[in-house]
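# A look at the structure
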Amino acid sequence: MIARLKTKMGILRDKFYPDFLDVMPQSAWKFLPGQSTHFGPPRRWSTFADYSRRHGDTWQEIEPAGQLIHSPLFHRPKPKLPDRVLPEISWTSLGLATIAEARILREDGWVIGRNDTFLGEFCRSGNSRHSKVYYLIQANRLQRLKGVTLNLTSRYASFNFYHWMIDAVSRADLFLRSGRSWDDVDFVVLPSLRTETTEAVVAALGVPVEKILRVDRHTHLQCDTLLQLSLPSDRYMGAAPCVGRFHRDLLGMAEPLPSNQAARLYIPRRQNRRLVEVKILEERLRREGFEEAALDDFQRLRRQLASARHIAAIHGAALTNLIYARADARILEFAPQDHSCGLFRSLVAPFGLGYGLCVGPSLKPRCPRRNPYNQSDFSITEAEILTAVEALLSK
């Protein structure tokens, strides 16, 4: 009874709270009594540039701002690309902030500085008035971390593989390039997601096991000194090129399978946001000799990707593994047109892989404020699917 009531209240809050945030000035949160250490969201927000001028914390640039123009798509939606498919990847300066007396909130990795100040630029959704940090009500018990803490967490990273690899753990690249080592920190805060792949990545990073602290929804950390790295990705544009290069170099390229195996690879999606016409797609791919990706066997999957010349994939976190694709691979992604269909293209852009997009509408409309990530299935016509597969196999 109580659980059902909480669920209904949560649904109502998610439905109407965005309207409240539309009219609630961010500066008004400071009039709430107390601080977010006791209840509610942080009372203030700031850019790190302004915050550091007031408090004397430091910033080290590691990756200068830049831009990478995408190669043309070998197959593209008609009559035009979705608005979210951008012709380039642009990124601001990426670096490392050293912040005294900072807090880390929940598995989302939200960073709260002194004077209860939210530093949103290090977090997904940034300093937006619609950031989920403003949904906080109950404060979790504070845990004090003495010494130096490195934060490698990010929103969604505790349950989504893409966000674990790209938004969270790839920040270790910036840390190591800053001239520091694991000996310079006392704690390394990681998302709670643990799979064969994530364990292989953490082992390759060489993080001392005794320094690892896994976060969950109850996490509330007070750090003597926090090392906080930039978010190296954008929700629409994708990741900065250094992200793909880092992960590709970290584990290296796997040994390809024998020449008669996995020359053509299919990466399916079995959960929500499914392609309605998936049977049509899979039947055509079966006739063309495509092998299904071994998503439950990371080492074999890497060998498949190192072998496959042609890859057909349905949009989902599993496409993060495209980082390990061979240098002359051609990739065709099937995706809902109202979703972030440029994310995975950005991961392989630094390697010059051929990329095509085949998109279709979601069955339910997307509401950006209330449901920014529509979980609805999507549909693509049979003719468009077959034409896209022909384009993939044309070279």
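Residues numbered from 1 in each chain as written. Predicted model: local features only at pLDDT ≥ 70, side-chain atom pairs only at ≥ 80, totals over all residues. Heavy atoms only, no water.

As a further point, take empty space enclosed by the protein. Think of a ball as big as a water molecule: rolled over the atoms, this probe shows where empty space is left. Following the criterion strictly, the structure yields 2 cavities of 30 Å³ or more and no others. Size it by volume and the largest cavity reaches roughly 60 Å³. Contributing to the lining of the largest cavity are Ser36, Gly40, Leu105, Arg106, Leu136, Gln138, Ala139 and Asn140. A class-by-class count of the residues in the lining of the largest cavity yields 3 nonpolar, 4 polar and 1 charged. (1 Å grid on protein atoms, 1.4 Å probe; cavity = no way out; pocket = protein on both sides within 12 Å on 5 of 7 lines; lining within 4 Å. Points joined across faces, edges and corners; volume = space filled by probe spheres on them. Nonpolar A, V, L, I, M, F, W, Y, C, P; charged D, E, K, R; others polar.)

Our focus in this paragraph is the confidence of the model for the chain. Averaged over every residue, the pLDDT of the chain is 90; the share at 70 or more is 92%. Across the chain, the secondary-structure element scoring lowest on mean pLDDT is helix α1 (residues 2-23), at 72, and the one scoring highest is strand β9 (residues 187-190), at 98. (pLDDT = per-residue confidence, 0-100. Helix = DSSP H or I, 4+ residues; strand = E, 2+ residues; numbered from the N terminus.)

Residues Trp110 and Ile112 point to one face of strand β6 (residues 110-113) and Val111 and Gly113 to the other, with burial holding for every one of them. Here strand β5 (residues 94-105) pairs with β6 via 3 bridges, running antiparallel. For arginine 103, the partnering residue across the bridge sits in β6 and is isoleucine 112. If you look at the hairpin formed by β5 and β6, you'll find 4 residues sitting between the two strands, and arginine 106 has a positive phi there, around 60 degrees. Looking at chain direction, β6 and strand β7 (residues 117-118) are connected through 2 bridges and run antiparallel. Note that in β7 the partner of glycine 113 across the bridge is threonine 117. Two successive antiparallel strands, β6 and β7, enclose a turn made up of 3 residues, where asparagine 115 displays a positive phi of approximately 60 degrees. (Buried < 20%, exposed > 50% of the residue type's maximum accessible area, 1.4 Å probe, protein only. Pairing = 2+ DSSP bridges.)

As a further point, take the nonpolar core. Leu150, Trp182, Ile311, Leu322 and Tyr355 are the most contacted members of the largest nonpolar core, which has 63 residues in total. In terms of residues, this core owes the most to one element, helix α3 (residues 161-169), which gives 7 residues. Those residues in contact with leucine 150 that sit more than four places away from it in its chain are Phe175, Trp182, Val185, Phe187, Val188, Val189, Leu227 and Leu229. Met24, Leu119, Phe122 and Leu145 belong to the second-largest nonpolar core, a separate cluster that totals 28 residues. (Core = buried A, V, L, I, M, F, W, Y, C linked by side-chain atoms within 4.5 Å. Contact = heavy atoms within 4.5 Å.)

Oppositely charged side chains can pair when the atoms bearing their charge come close. All chains considered together, the criterion is met by 22 salt bridges. The salt bridge partner of arginine 270 is glutamate 292, with a shortest N-O separation of 3.1 Å. Of this pair, arginine 270 sits in the loop between β14 (264-267) and α7 (278-287) while glutamate 292 sits in strand β15 (residues 291-292), placing them 22 residues apart in sequence. Look at glutamate 292 and you get partly exposed, because its relative accessible area is 42%. With a closest N to O distance of 3.0 Å, arginine 300 and glutamate 291 form a salt bridge. Judged by relative accessible area, arginine 300 falls into the partly exposed class, the value being 29%. One network of salt bridges, with partners in common, ties together Glu63, Asp173 and Arg177. (Salt bridge = Lys/Arg side-chain N within 4 Å of Asp/Glu carboxyl O.)

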